[in-house]
Every structure is written in structure tokens, then in C-alpha cells.
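# Residue-level structural notes
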Amino acid sequence: MAKAYMERIEALRQQYLNTRVDMDVYNAKYVTEGFKETEGQPWILQKATGYARTCEKKQIYIQDHELLVGGVGFKPRAGILNPDSASGVIEKEVDTISTRPFDPFYLSEEGKKIYLEEVKDYWKNKCVLDRWRLMAPKDMETLRTNGIIFIDRKAVRGYGETTVDWRRLLKVGIGGIKKEAEVALAKLDDAVPGDLEKSFFYRAEIMVADAVIHLAHRHAELAEQKAAECADPVRKAELLKIAEVCRWVPEHPARTFYEACQSILSYEYACYMEQNASSYNLGRLDQYLYPYYKADKAAGILTDDDAQELLDCLWIKVAEMSLFQDEVTAQYAAGYCITVQTSCGGIDQYGNDATNELSYMMIQATEDVKFKEPNLSVTYSISKNPDSLLHKAVECIGMGLTMPAVYANDVGIRMMLNKGVPLSEAWDWNPCGCVETNLSGKLKEYTDIADINMGAMVELALNDGRSRITGEQVSVHTGNPRDFKTFDDFFNAVKAHIDHAVDVITSGNQLLDYLSMNYRPVPVLSLGFPHCMEVGKDYSQPGAAKYTVGGGVITVGQADIINSVAAVKHLVYDEKKLTMERLIQALDADFVGYEDVQAMCLAAPKYGNDDERADFCVGEIFTHVVDQFEKYDTLFGKMTCGMLPVSGNTPIGQWVGALPSGRNARTPLTDGIGATGGTDVNGPTALLKSVSHIPHARFTQGTQLNMKFEPEMLKGEDGIAHGMNMLKTMCMLDVYHAQINCVDRETLIDAQVNPDKHRDLLIRVAGYTAFFVELGKETQDEIIGRTEINSWVGGCCGR
């Protein structure tokens, strides 16, 4: 029988599902007003003034049934435009943004008028995106316009991919952090070098702290107003409680579980309002909230059902945020994905199991709410965490909810060590965004400065640096492939094109760092990083966070490069079934008239089957990639890598011609680190063994493995036990991550045809979950085409 609190949760779910995704340009209007009022002042003070105007003027709301309140935009599920980052991004979309195929946002006529008359012109050539496009290096533009890299994402949206110090927020409150800034400001002497810049920073921190507190108090006032008008005594009491809570937090330290949940939500929204970006993560929520849960239970003021209801409400409020991106960028991360990660499990500072009652309640919240956010994960320590936690996780996955993702905790720790974090702190790592690694309140990074098209690296090696799609010379000359005498000649050509792309991407990263340091301060986010407050530097500056790393680059098309390299070795050099000439002719023709060649390519050894004839090159290719990136230093540290294509494997595949793997031109590349759909035929364990050849801990921004199971696979206790054993095998093989879609092909096809019948059907796209019906058809088709595992032994997989 359903719990009584589920009546509220179901009502909130239906409100959400019936809410259109809108575009909010009012935020941009208020920020612009603030900048205009403070012309000539330091950029960070202009930013703080614009943020304060937003908190003063933005439309606020409290919906029916809510216990936790707030919002980023003027309504739930509204995207916001941060004009200082990317004002011009919607200029060409003003009339199409409401109907575009990927992530449409409804923009009203009033909104269009406000943008065109009060926002657009002021930011021309001032916002980061405009400066980025004006200053872009020529070779970067060449690779970008030919689909070899995608590199605009971080110029369109803000930092994201970070986790603030939630423990500190709950312990001292925004008011306490403001007090620290006031004390630090009073100690400065403008005659001392550097103190003037610090004074700008602390003044900005005080301004935005006041703004966040003011916005919370506005919600308290609105709740009191609604209570005065409410005839229902039960709801009246709830509204008065909301007012009481918002009067106290996030300004003051949280005293109760309820206050802790609202404080976290209020600051989460505050960070997102400042800079539209994905992945302002909630981190290890079961650890941060547990002291409040435990104290309230002991005091008799909280039951488990009360706590579960509040967690469920928090889940729904997080899901209301919708990431705004331009039409092109949205294709690379479709589904309005904000990828706010929260994790449970893991270990404590003594190396002991950190699982507690809230760990299970977090998974239950996902089961209750059945939404795409927050992006729930379990950091699983095979030696420390109990089977009951993994059982609960697999139960949830088996319900078709796509979450939680499961991470090998030990691999995550090693990734942090590779980022320069000592083991004394690395144990407290948390998953971030899609699959990245982060450290609450201590680590600055951004993980998607660029996507690098790995399929194109093979194409360029077999076409002397020329794109088959555009015909342009886009990379270095590596010679006529017909003259390659040995496999090593070919393999070295592939590596040469990787090296060129790495150099170009790193140049773009240096430019973005420059622009962000000068034109993208984030004083609200800086409140959540103690080291920023200690040294008097904004989060955007080198040395502001305790640990920093260089920009993260996403490799896309892992299976495509592996299978293509393996096919060339097997067919041309080992078995000599094909000449290089005939292979190139077939690729040039997209296999038309060369069907026999394509058949041989498709039959060549394939990654994902524990077959050394394919897997031999996995470690060498990707060690080379990360070695090349780590050669480059930035002001924030060495460049970093990850394998998390989001939905970028579909659009980036349109720029790649036919490949020796047998793949046709312009079709999607393979998602994540898994096998190409339909080619892994030896079962899930063989897939994991192939995937284990990747140097996971070197790819410190994470590696993402999607798996698709038929629902019957995880039914009943036997199915759950098999799922648990598979995930334990993953950890034993040092594979970092796995996430499972548990849905049959027929359901997905029906959802394409009858979307209204499947509004809340969840699907794991990449390192994030989306509503299937909100994805573009190309992305839907790619998901439908993934391998469907229907047996725990080999030979029973299909498409």
C-alpha cells in the first residue's frame, strides 16, 4: 500500500509533467540593468550588482503542495539566459527557439521584445561567447567547422561540473560566510599590492550573500501572504512553516533536517541563477544530511516518512531546473540535462562503510519521484559497502528508472589522486555531472571544453588529413595510406592526427581560461569554496580553489576507433584479405558497390567481446591520448580527459565518412565506452573485460558505460542477484562506471510513435537521464539501436 506522503508527491509529479519548458529572459534584463548602473566598475562588482537586481526583482512563486520552495526562473522548468556569458546565443533563434527540434524553449512575445530591446545590443562583443568567436584561432575554427572537434559548449554556458562545500553551508550559513568576507575586507590595505583586487572580491561576496538572503526572505513573505489567504488549516500550517524555514536558512546554520534540505535547495538555485550550466552537484547527500536526520529522529520531531517526503520534494525541485543551450549545443547534450549528481555509499575518513539510512532513502526518492533528476549514483566499495545497498540500487534499476549509476569507489579515488588530491582527502570524492570526479568545496575544474572525434582520427589517417565529408584539408599531412608498409605506419598516422587535435584543443582551452578569468567571475559560487574566501580570489582565478586542474576533454567514438584500427590490422596487414587500395575505394564510396568489403569489415574482430584481436589496441590508443593532453600545462594545471559523450556521438557522427569498422558515413558514433550496437555478442562479462583495457584512472574526468537490459533480466531475487554480481565484477575489473537502461525495444519504438502515452518514460542517454519523448529523433534512434542484453551468458545479445 502506498505511503500517505505519496499523495503529495504524486500531485507534485503531475504539476511538473504538465509544465511547459519556457525561456526566461527576465534574468538577463535584470543583470543588464545592474551592469548599466555600474559602468566603469570592476567586472566582478558589476556582476554582483546584476545578480542582486535579479534577486530583488525576479518573479517568485510557491506551488500547491510544495514543502520546499524556490526557483531559478519566473516559473518552474524555465531556462535562463546569462547575458554576460552568451547573450547573442539566441539572437538568431528568437523566432525558432519555441519550435526547434532539440530542447525547445517557449519564448513569449513579451520575452522576445525584452531580449531584443533591453538585452541584445548592450552585450554585442562584450559577452564571453562573442569574444570567444572573435578571438578563435584559425586552426580551431577549421577543426570545429569540419566536425573534428566540438568546442563551443563552455562558451555558451558557464562552469558547472562542480560541488560546493555543502557541509560548511549547513554549518555556518550564508550569513556566516558573509561575516568572514566582512572581517577579511576590514583587514585589507589598498596600499599593499594585491589588496585592491581582494577588496573587489570581498565586496562582491558581501553583495551576493545579501542578495541570496534577501531572496529567501522574499519567499518567506510570500508564504506568509499565502497563509493569510488560505482557508485550509493543514495547508496554512505548512505555509507558515515554509515562512519560518526561509526566514532562517540559508542565512543561518541549519538546525533541522527540514532546514538543511531547504538551505541546500536555496543555494543550489542561487548558483544556477548566477550562471546557467550543468552539474552544480549535490555531492554526498547522505553524509551531509545524516547528522540532522539523526538528531531530529532522536528528538522525536522527524519520522522516516517525514524525511522521505522531504527528500522526494527535494528531488522534484531539483528536476525543475532546465539547462538552456543554443540549438547546436543542445544536440550534444539533449534532454534539458542539468546532470545534478548526488551520491550515496562510499567510505568515511577512516576507510569504513559510510552507508546509512539516508543512503537507502535517496534511492527510494528516485523510485517515488521517477524523474530524470537529480542524477543519482552509488559509489560502491566492494570491500566495505553492504550487499543491501547494491540490492536496493539494482531493484531501482530494474524498475526501468535508469538510476542509480554505479561507480567503483576505488577507481574514483585513484582518479582523484591523479588530479593531485592527496589520499587523506580523496576518499571523500563524489561523482559529478555525467561521470566526472569532484571534491566538495575544494576542486575547480570544467570537464567539457571540447569533444574530440575519435572516429575522424582514423578517417584522417586514411585520407592524408582530409575530411571525406567536406573535402577540406583539416589536419596535418601523414602521407598516402597506400604507401604504408606496416601496420605501425598506419597506427602512427592515426596518432599524429590525435596529436594535432590535442594541440588545437589546448590552444582553445587557453583562450577560454583567459576569457573566463577576465569576464566570467562567479561570486555566488565562490561563497561555497572556503579557499576562495581565505585567499580573496574568485573561483574563476588560478589558486582560488584548493585544487585545480586544466580543462577536461571528452573523447567520442571509443569503439569506432578501436574497431577501425583492429579491422585495418586484421584485414590489410595480418590476414591480407584486403589491399589498402580496395579498402580506401570502398570507404570513398561509402561501401556502395563494395558490399563484400563492408561484409568483411563488419565481420572483423570487434571490441566488447573479450577478443584480443580487437582489444589489443585499447590501452595503447587511450594512453596515447591522455599522455598527449597531460603534456600541456595551463594556469589551472594539466589538461584532463574523460569519456562521456553525452548525446554528442550522434551529431558528431554526421561529420565522419565510412570507417573500416563497417560503419556507414554520417551515422552516429558509438556512445560512451561500450561496444557498437549489436557487435558485442558474448554477454555482459565479456563486454566488461574489453572495457577493462581502458586506462580508467588516467581519464580523471570519468569513463561512461551504458548497458541496455531486457526488463526480464533483473526481475525477481534471481535477477537482482545476477545484476549485483555483474556490478561486483565491474568493480573487480577496475571498470569505473556502469549505468543500465532496463527497457525493451518495443516500448521505445511505441514511445516514438505515441509520445503522449510515455511522457515520463526515462532513458539513460549517456551519463545522464532524460525523458525519452523529449529527445530528438536521431538520439532516440541511436538509443533504440544499442545492444540489448537478454542473457547473462554469451551469444544472446541483439539490437
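Read on for an overview of the structure. (Residues numbered from 1 in each chain as written. Predicted model: local features only at pLDDT ≥ 70, side-chain atom pairs only at ≥ 80, totals over all residues. Heavy atoms only, no water.)

### A short note on the sheet that holds strand β3 (residues 149–150)
Pairing is mixed across the open sheet formed by four strands, whose spatial order is β3-β10-β12-β15. With partners counted over all chains shown, the strands left at the sheet margins are β3 and β15 (640–642), one partner each. For β3 and strand β10 (residues 450–453), the ladder comprises two bridges, and the chain directions are antiparallel. Bridging across to β10, Ile149 finds its partner in Ile452. (Pairing = 2+ DSSP bridges. Helix = DSSP H or I, 4+ residues; strand = E, 2+ residues; numbered from the N terminus.)

### Describing a nonpolar patch on the surface
There is a patch of nonpolar side chains on the surface, built from Leu134, Met135 and Tyr514 and spanning about 320 Å² of accessible area. Take Tyr514: it is sitting in helix α21 (residues 487–519). The partly exposed category is assigned to Tyr514, whose relative accessible area is 40%. (Patch = residues over 30% accessible without salt bridge, like charges linked within 9 Å, V, L, I, M, F, W, Y side chains within 5 Å. Areas by Shrake-Rupley, 256 points an atom, 1.4 Å probe, with all protein chains shown as cover. Salt bridge = Lys/Arg side-chain N within 4 Å of Asp/Glu carboxyl O. Buried < 20%, exposed > 50% of the residue type's maximum accessible area, 1.4 Å probe, protein only.)

### Details of the packing of aromatic side chains
One pass over the structure, following the stated rule, counts 27 aromatic pairs. Ring geometry for Tyr122 against Trp123: centres 5.0 Å apart, planes inclined by 85 degrees, an arrangement best described as edge-to-face. For the pair Tyr122 and Trp123, one class covers both residues: buried. The rings of Phe35, Trp43, Tyr122, Trp123 and Tyr519 are connected pair by pair, giving a single aromatic cluster. In this structure, Arg20 packs its charged tip against the face of Tyr106, placed 3.8 Å from the ring centre. In this arrangement the basic side chain of Lys444 is found over the ring face of Phe636, its NZ or CZ atom lying 4.2 Å from the centre. (Phe/Tyr/Trp six-rings, centres within 6.5 Å; stacked < 30°, edge-to-face > 60°. Lys NZ or Arg CZ within 6 Å of the ring centre and 35° of its normal.)

### Considering the packing of helix α24 (residues 558–574) against helix α28 (residues 618–630)
Two numbers describe how α24 lies on α28: the axes approach to 10 Å, and their chain directions differ by 125 degrees. Put simply, α24 runs oblique to α28. Crossing handedness for the pair α24 and α28: right-handed. Residues Gln558, Ile561, Ile562 and Val565 of α24 lie in contact with α28, whose contacting residues are Val618, Ile621 and Phe622. Class assignment for the residues of the contact of α24 with α28 results in six nonpolar, one polar and no charged. (Axes fitted to C-alpha atoms, helices over the stretch in contact; angles between N-to-C directions. Parallel < 35°, antiparallel > 145°, perpendicular 65-115°, else oblique. Left-handed = near helix turned anticlockwise from the far one by under 90°. Contact = heavy atoms within 4.5 Å. Nonpolar A, V, L, I, M, F, W, Y, C, P; charged D, E, K, R; others polar.)

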